[in-house]
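Geometric and topological summary
Residue-level listing of the chains:
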Amino acid sequence: MQAPMDTRQGRAGRRGRISWALYDWANSSFFAVILTFVFPAYFARQIAADETVGTTLWGNTVGLAGLVIALAAPILGAIADQSGRRKPWLAVLTLGCVLATATLWWVRPGADNVVLFAMLVAGTATVASELAFVFYNAMLPSLTTPDRLGRWSGWAWGLGYAGGIGCLVIALFGFVTADAWFPLPRGELEHVRSTFVLVAAWYAVFALPLFLFTPDAPSQGIAPGRAIRLGLQQLWGSIRRVRRYAVIARFLIARMFFIDGLATIFAFGGVYAAGTFAMDEEQVLLFGIALNVTSGVGAVSFAWIDDWLGSKRTILLSLLGLIVFGTMLLLVESVALFWTFGMILGIFVGPVQAAGRSWLARSAPEHLRNEMFGLFAFSGKATAFVGPLLVGWTTALFDSQRAGMSVIFVLLGIGFVLMLSVPEAEKQ
């Protein structure tokens with residue numbers, strides 16, 4: 001079943017747009033529990049030999065996954081431009097992430113070869129979830145009018161944070177706390193591992209409305225083999241004609257740095273809270289819930305600012321907030337101040353992501369939209385292995401998580417400076 005387009009505007013109806021935004025709600029459970037707050041801390045404290053080794057190995061996992069995403073995303077996007085439809089790609093990648101996430105249930109403390117198994121499965125799930133967003137993001141420009149792109153992008157990010165909160169709340173009170181709603185044996189940390197299965201179910205259920213109600217681009221009727229050949233030719237042609245898209249290239253280079261910094265915050269937020277401030281799984285979950293609340297408020301609030309001031313100014317303002325309050329997190333010693341500055345920092349997380357998506361949605365040529373969002377994913381992952389690897393290596397070199405995390409704000413600063421030279425999207 002698929003909802004028809006609004007023929008008067010050539011856009012999706014309200015149900016189609018809401019169903020599209022709900023995919024952010026579904027997907028954010030993976031990023032909140034698996035990539036940020038629960039699994040990284042569980043991996044570092046319960047699976048790896050110690051927290052320093054765990055931080056290094058988790059950095060390697062996220063970094064290598066980012067390298068795979070960087071290589072695959074532009075190619076898949078260009079192929080999808082030739083084949084037309086996006087939902088089949090999105091369905092396969094969503095299913096891959098769901099299955100890999102459910103498999104994390106078997107990552108048990110003390111099991112033989114569990115470290116390598118955990119890294120392989122978590123890395124596979126990460127690759128699938130990130131590549132799915134290439135096709136999800138590319139759907140946005142066809143769903144609404146250009147003057148409302150910022151709002152729908154921001155609202156979707158805000159809904160995503162709400163989904164992260166919902167999943168974290170159920171994980172915490174349903175499985176992790178001492179008086180959990182669904183008490184499980186704790187001998188092999190089943191109460192923590194069950195949250196990984198929760199994420200898989202959450203993702204699968206709430207992704208369904210997009211496939212049922214959001215209209216897809218029509219098929220071009222091109223055979224898969226020919227679509228691959230034409231997609232590779234298209235990508236190579238765009239690279240050769242990069243001067244034609246010089247402004248987009250400058251934006252993607254700037255984004256390469258600040259998204260790498262932001263992604264590294266996500267990858268190591270739970271690890272840092274657990275290692276430096278001795279938070280247990282329950283405390284990390286509570287922090288994650290609170291951080292998602294402020295992040296959701298920021299994403300929704302800045303959605304109007306995006307349409308009012310423009311995507312570029314929204315990105316710069318948000319990066320400045322991340323740098324200032326993120327630096328405070330590295331300097332404070334008390335848990336109370338860590339919570340305070342962490343909550344303020346959360347306000348600026350969502351707008352960076354949402355405004356970047358709306359900038360490209362306004363700027364990308366329609367016939368190259370999938371490819372451009374593939375390059376958008378590439379810009380987020382081409383150096384994505386650098387941030388986590390640098391954090392891991394710096395942590396190991398100085399035997400300090402604070403020293404390792406300082407790398408993040410260098411990357412954000414470089415992105416801020418480069419973004420200054422990028423014009424607003426409506427000036428393209």
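**Considerations on the overall build of the protein**
- Helix and strand counts for the protein stand at 16 helices and two strands.
- Counting the 428 residues in the protein, one finds 60% classified as buried.
- Put simply, 84% of the contacts in the protein that link residues at least 6 apart link residues at least 24 apart.
- For the protein, the accessible surface area stands at approximately 16700 Å², while carbon and sulfur atoms represent 68% of it.

**Some remarks on the confidence of the model for the protein**
- On average, the protein scores 79 in pLDDT, and the residues at 70 or more come to 83%.
- For the protein, the element scoring lowest by mean pLDDT is strand E1 (residues 5-6), at 43; helix H4 (residues 87-103) scores highest, at 94.
- Residue range residues 1-10 is modelled with pLDDT below 50. Its contacts to residues more than four positions away, or to other chains, number 24 contacts.

**Points about the environment of Ala91**
- Following the sequence through the fold, Ala91 ends up in helix H4.
- Sequence-wise, Ala91 and Ala204 are 113 residues apart; in three dimensions their C-alpha atoms are separated by 10.0 Å.

**Focus: the packing of aromatic side chains**
- In total, this model carries 22 aromatic pairs according to the counting rule given.
- Clustering of aromatic rings is evident, with ring pairs tying together Trp20, Tyr23, Phe30, Phe31, Phe133, Tyr136 and Tyr203.
- Its end group placed over the ring of Trp105, Arg193 keeps NZ or CZ at 4.2 Å from the ring centre.

**Quick word on helix H2 (residues 39-47)**
- Extensive coverage of H2 is indicated by the burial of seven of its nine residues.
- For H2, the set of buried residues is Phe39, Pro40, Ala41, Tyr42, Phe43, Ala44 and Ile47.

**Observations concerning the side chain of Arg193**
- Checked against the element boundaries, Arg193 lands in helix H7 (residues 190-213).
- The exposure class of Arg193 is buried, given its relative accessible area of 2%.
- Apart from residues lying up to four places away in sequence, Arg193 is in contact with Tyr42, Trp105, Val107, Arg108 and Glu188.

**Quick notes on the packing of helix H11 (residues 311-331) against helix H16 (residues 401-419)**
- The contact between H11 and H16 brings their axes to 10 Å, and the two run at 160 degrees. Here H11 is positioned roughly antiparallel relative to H16, judged by the angle of their axes. The interaxial crossing formed by H11 with H16 has left-handed handedness. Residues Lys312, Ile315, Leu316, Leu319, Leu320, Leu322, Ile323, Gly326, Thr327, Leu329, Leu330 and Leu331 of H11 form the contact with H16, whose own contacting residues are Arg402, Met405, Ser406, Phe409, Leu412, Gly413, Gly415, Phe416 and Met419.
- For the contact of H11 with H16, a count of residues per class yields 14 nonpolar, five polar and two charged.

**Digging into the packing of H11 against helix H13 (residues 349-363)**
- One way to put it is that H11 packs onto H13 with a least axis distance of 8 Å and a crossing angle of 155 degrees. If you check the angle between H11 and H13, you find them roughly antiparallel. Judged by the sense of rotation from one axis to the other, the crossing of H11 with H13 is left-handed. Of the residues in H13, those touching H11 at Ser311, Lys312, Thr314, Ile315, Ser318, Leu319 and Leu322 are Val349, Pro351, Val352, Ala355, Gly356, Ser358, Trp359 and Arg362.
- Across the contact of H11 with H13, the residue classes break down as eight nonpolar, five polar and two charged.

**Some thoughts on the side chain of Ser129**
- Looking at where Ser129 falls in the secondary structure, it is placed in helix H5 (residues 114-138).
- Contacts of Ser129, omitting those with residues within four sequence positions, involve Asn27, Phe30, Phe31, Cys97 and Tyr203.

**Some remarks on a nonpolar patch on the surface**
- A grouping of Phe173, Trp181, Phe182 and Leu286 is seen on the molecular surface, where their side chains present a nonpolar patch of about 420 Å² in accessible area.
- Residue position: Phe182 is located in the loop between helix H6 (149-176) and H7.
- What makes Phe182 partly exposed here is its relative accessible area of 46%.

**Some remarks on the environment of Thr177**
- Positionally, Thr177 belongs in the loop between H6 and H7.
- Residue class for Thr177 comes out buried when judged on its relative accessible area of 4%.
- It is 9.7 Å that separates the C-alpha atoms of Thr177 and Val192, two residues lying 15 residues apart in sequence.
- Excluding residues that lie within four positions of it along the chain, Thr177 makes contacts with Leu172, Arg186 and Glu282.

Each value, and the rule that gives it
- Residues numbered from 1 in each chain as written.
- Predicted model: local features only at pLDDT ≥ 70, side-chain atom pairs only at ≥ 80, totals over all residues.
- Heavy atoms only, no water.
- Helix = DSSP H or I, 4+ residues; strand = E, 2+ residues; numbered from the N terminus.
- Buried < 20%, exposed > 50% of the residue type's maximum accessible area, 1.4 Å probe, protein only.
- Contact = heavy atoms within 4.5 Å.
- Areas by Shrake-Rupley, 256 points an atom, 1.4 Å probe, with all protein chains shown as cover.
- pLDDT = per-residue confidence, 0-100.
- Phe/Tyr/Trp six-rings, centres within 6.5 Å; stacked < 30°, edge-to-face > 60°.
- Lys NZ or Arg CZ within 6 Å of the ring centre and 35° of its normal.
- Axes fitted to C-alpha atoms, helices over the stretch in contact; angles between N-to-C directions.
- Parallel < 35°, antiparallel > 145°, perpendicular 65-115°, else oblique.
- Left-handed = near helix turned anticlockwise from the far one by under 90°.
- Nonpolar A, V, L, I, M, F, W, Y, C, P; charged D, E, K, R; others polar.
- Patch = residues over 30% accessible without salt bridge, like charges linked within 9 Å, V, L, I, M, F, W, Y side chains within 5 Å.
- Salt bridge = Lys/Arg side-chain N within 4 Å of Asp/Glu carboxyl O.

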